[in-house]
Amino acid sequence: MDSAKKKQEALDYHEKPTPGKIKVVPTKKYDTQRDLSLAYSPGVAEPCLEIEKNYNDAYKYTAKGNLVAVISNGTAVLGLGDIGAMASKPVMEGKGLLFKIFADIDVFDIEVDTKNVDAFIETVKNIAPTFGGINLEDIKAPEAFEIERRLKEELDIPVMHDDQHGTAIISAAALLNACELVGKKMSDINIVISGAGAAAISCTRLYKSFGALGKNIVMTDSKGVIRKDRGNLSPQKAEFATDKDVHTLEEAMKNADVFIGLSMANLVTPAMLLSMANDPIVFAMANPNPEIEYNLAVKTRKDIIMATGRSDHPNQVNNVLGFPFIFRGALDVRATAINEEMKQAAVVALAELAKKPVPEEVNIAYNKTKLIFGKDYIIPKPFDPRLIGEIPVAVAKAAIESGVAQIQINDWNAYKQELLSRLGDNNKFIELLIDRAKQQPKKVVYAEADQLQVLKAAQIAFEEGIAIPVLLGNKAMILELMDEIKFNTSGVIIIDPKSEDESEKRTAYAKKYWQERQRKGITYYDAESLMRERNYFGAMMVNMGDADALLSGYSRSYNRVIKPVLELIGLAPGIRRAAATNLMITDYGPLFVSDTSININPSAKELAKITRMTAATSRFFGIDPVIAMVSYTNFSRSKDSDVEKVNQAVNLLHKTYPNMLVDGPVQADFALNNDMLKERFPFSKLVNKRVNALVFPNLSAANSTYKLLKELHGAASVGPILMGMKKPVHILQLGASVEEIVNMTAVAVVDAQVKQA
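Described below are features of the structure shown in this document. The model shown is predicted, which means the values in this text are computed figures rather than measured ones.

Conventions used here
Residues numbered from 1 in each chain as written. Predicted model: local features only at pLDDT ≥ 70, side-chain atom pairs only at ≥ 80, totals over all residues. Heavy atoms only, no water. Helix = DSSP H or I, 4+ residues; strand = E, 2+ residues; numbered from the N terminus. Rg over C-alpha atoms; globule rule 2.2 N^0.38 Å. Buried < 20%, exposed > 50% of the residue type's maximum accessible area, 1.4 Å probe, protein only. Contact = heavy atoms within 4.5 Å. Areas by Shrake-Rupley, 256 points an atom, 1.4 Å probe, with all protein chains shown as cover. Pairing = 2+ DSSP bridges. Axes fitted to C-alpha atoms, helices over the stretch in contact; angles between N-to-C directions. Salt bridge = Lys/Arg side-chain N within 4 Å of Asp/Glu carboxyl O. Polar contact = N/O pair within 3.5 Å; in protein donor to acceptor, adjacent residues only side chain to side chain.

**Some words on the overall build of the protein chain**
Check the secondary structure of the protein chain and you find 31 helices and 21 strands. For the protein chain, the C-alpha radius of gyration of 29 Å lies close to 27 Å, the compact-globule estimate for 757 residues. Seen through its C-alpha atoms, the protein chain measures out along the principal axes to roughly 90 × 65 × 50 Å. By the burial criterion, 54% of the 757 residues in the protein chain qualify as buried. Considering only intrachain contacts with a sequence separation of at least 6, the fraction spanning at least 24 residues in the protein chain is 69%. Total accessible area on the protein chain stands at roughly 34,000 Å², and carbon and sulfur atoms take up 51% of it.

**What about the environment of Val68?**
With respect to the helices and strands, Val68 occurs in strand β1 (residues 67-72). Distance from Val68 to Ile134, taken between C-alpha atoms, is 5.6 Å for residues 66 residues apart in sequence. Setting aside chain neighbours within four positions, we find Val68 in contact with Phe99, Ile105, Asp106, Val107, Phe108, Phe131, Gly133, Asn135, Phe327 and Leu331.

**Concerning the sheet that holds strand β11 (residues 442-446)**
What the five strands build is an open sheet, ordered β13-β12-β11-β14-β21; its pairing is parallel. Sheet topology places β13 (493-495) and β21 (729-731) at the edges, where each strand pairs with a single neighbour. Averaged over all neighbouring strand pairs, the angle between strand axes comes to 20°, with direction disregarded. Bridge analysis of strand β14 (residues 549-552) against β21 gives three bridges, and the strand direction is parallel.

**Overview of the pattern of salt bridges**
Counted according to the given criterion, the structure contains 35 salt bridges. Taking the shortest distance from any N to any O, the salt bridge between Lys53 and Glu50 comes out at 3.3 Å. Taken as a pair, Lys53 and Glu50 lie in helix α3 (residues 45-53) at a separation of three residues, close to a single helical turn. Residue classification places Lys53 among the exposed residues on the basis of a relative accessible area of 64%. Given a relative accessible area of 28%, Glu50 falls into the partly exposed group. Between Asp221 and Lys237 there is a salt bridge, with its nearest N and O atoms 3.0 Å apart. Placement of the pair is Asp221 in strand β6 (residues 217-221) and Lys237 in helix α10 (residues 235-239), with a sequence separation of 16 residues. Looking at Asp221, the relative accessible area reads 17%, which means it is buried. Its relative accessible area of 22% is what places Lys237 among the partly exposed residues. When salt bridges that share partners are traced, they join Lys89, Glu93, Asp109 and Glu111 into one network.

**A few points about the side chain of Asp257**
Its place among the elements puts Asp257 in the loop between α11 (249-252) and β8 (258-261). Looking at Asp257, the relative accessible area reads 10%, which means it is buried. Here the side chain of Asp257 touches Asn190 through a polar contact of 2.9 Å, landing on its backbone nitrogen. What Asp257 contacts, discounting residues up to four positions off in sequence, is Lys184, Asp188, Ile189, Asn190, Met276, Ala277, Asp279, Pro280 and Ile281.

Set out below in structure tokens:
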């Protein structure tokens, strides 16, 4: 993607459809006059009076306990430097977004327009009563040290400067594990730190708290090694000045065990790596480009353990592994500070999590047969759903044990379950799916590439590395549209099935199709004619191995698209009828809805088969299926044919697949509300289980349900996902959005990965 287009895309993302990335939403009912009288005057006076008597009641009656301020003066914003408070606002909103999606913490971003340390501190102190915690962000050193120190001393709520401590916590966890893998003790390792800013200082202090010795540490800045005989050192630099006879980074690297890069790109050469000790540990964390490129480093030293700040290489040191969960634990015990014990607890919890068996959904997302503790996996992945159940618990325990907690937790298992239920994995689910597709992109045919929305989706899929697009349609029209949206044609295949340029391929496809269908009434002339139609041509591309997957249906009715797909692609072995499911990403969590597109009124046996295919699709996405077979009645007999066939299907599944978590007939509200189900129907196999799939007795019910969820509740829809097909082919919903087409591209790619494995 060219820089101008990338710039515009970023601006559009922040501007449309609503400016900014976060908003405030009500948490209480406001439908009636009675509701409003409780929310404001006169009812609001009652909690005000209670808080006047006891300030801690603000946690009881207001949002304070789950509200963090992300505060900056814009003096050190990302790699942009001192751009000012107002210009820092998009970054602060972005930090708020991460707090919410990873730890369910609400955020107000506060931009303070002053570089004066006293004025900044006074401003934060004056607004602090609003918040349960303060996250300082993008404040330049050395002022950042003084601001954090004083605010921690003068406020009674958690305060943390993430730029200092986030990288320190994540990299310390990685360093502990790396040392364990190579059999070196923290007290023995020689460490070189490239960079002397806030993050570098904090990292070094934290490493020392885990046993690293000051005499074994050499820190460098833009002037070279920070030595004791160098004048005009800040107190922070003086703390780590050395008297070793080394003056340059190159000299410092000789026989070093560990390199920590928090400086700038391409400072480290292969020769420097070769001069390090055996089994070197290199954390090159400059962003976006590390101090030495990952592939070059691992090529230079086969014995290296390497980490970067990038997501496209193993061992990403990403602050999102830390700050949301640290604040979550601190808020939940109403800690008065984030102290060293809490940070150390987060380090240990992260390090230990990397040693535990990795959930299959994470393996699937990162396209690994099995992620296992080792040189390419020393810290958890950012989208590991276990993080929220592990890190806050460790932080909360440390807060209690160190005496800064105002709330005690007695049932830690219940607390962990509460944490896991806050978000589930739905906020990260699509990102996991797309990440999985990126691991091994496949060639995807877009049968309607001369439609602007389809072409935009193909462009995103191409530029994001999700898929290799094959664009079918009128070539002149496609090229014109590509020029309009600045879609670079380099590396993209464009095919017009009707053009003379494709006559040879068309003939080959026609012969193959005719040979397979000649005894079903298809003449060679028919076959030649059909190969001019893009759905037939695209399906044959997949059949002949010229492409890996097919997407169609954006501008044509489902029936018109499904016919050539069933004729040419066919069903997988053992499947007599295809079906379709939609994966809905809801506030409740991921929810499959079946059959949304194909079987109008399936029989009991067909319904059982649809349920089995839905279960298989759920596992394909790394989700253990828990399936409710839905009806208008709960666990009862009826003369109604829909109810009776659901009963028959459930009985068949219970008899044939007794370990499958499926039950019914059950009403949708009982299926999704386990308290109701447990109270009235304690015998159900779904009790104490979180239902993640609904199978309906007919197409009308399933199709209407998923569209209601999408339109009324804004649930993202991934689908329809065709089930039971021999090869990867999926049919888009008529008029699907660009986002939906991109999501379906990822589904098609992952489907191809699995079917070709």
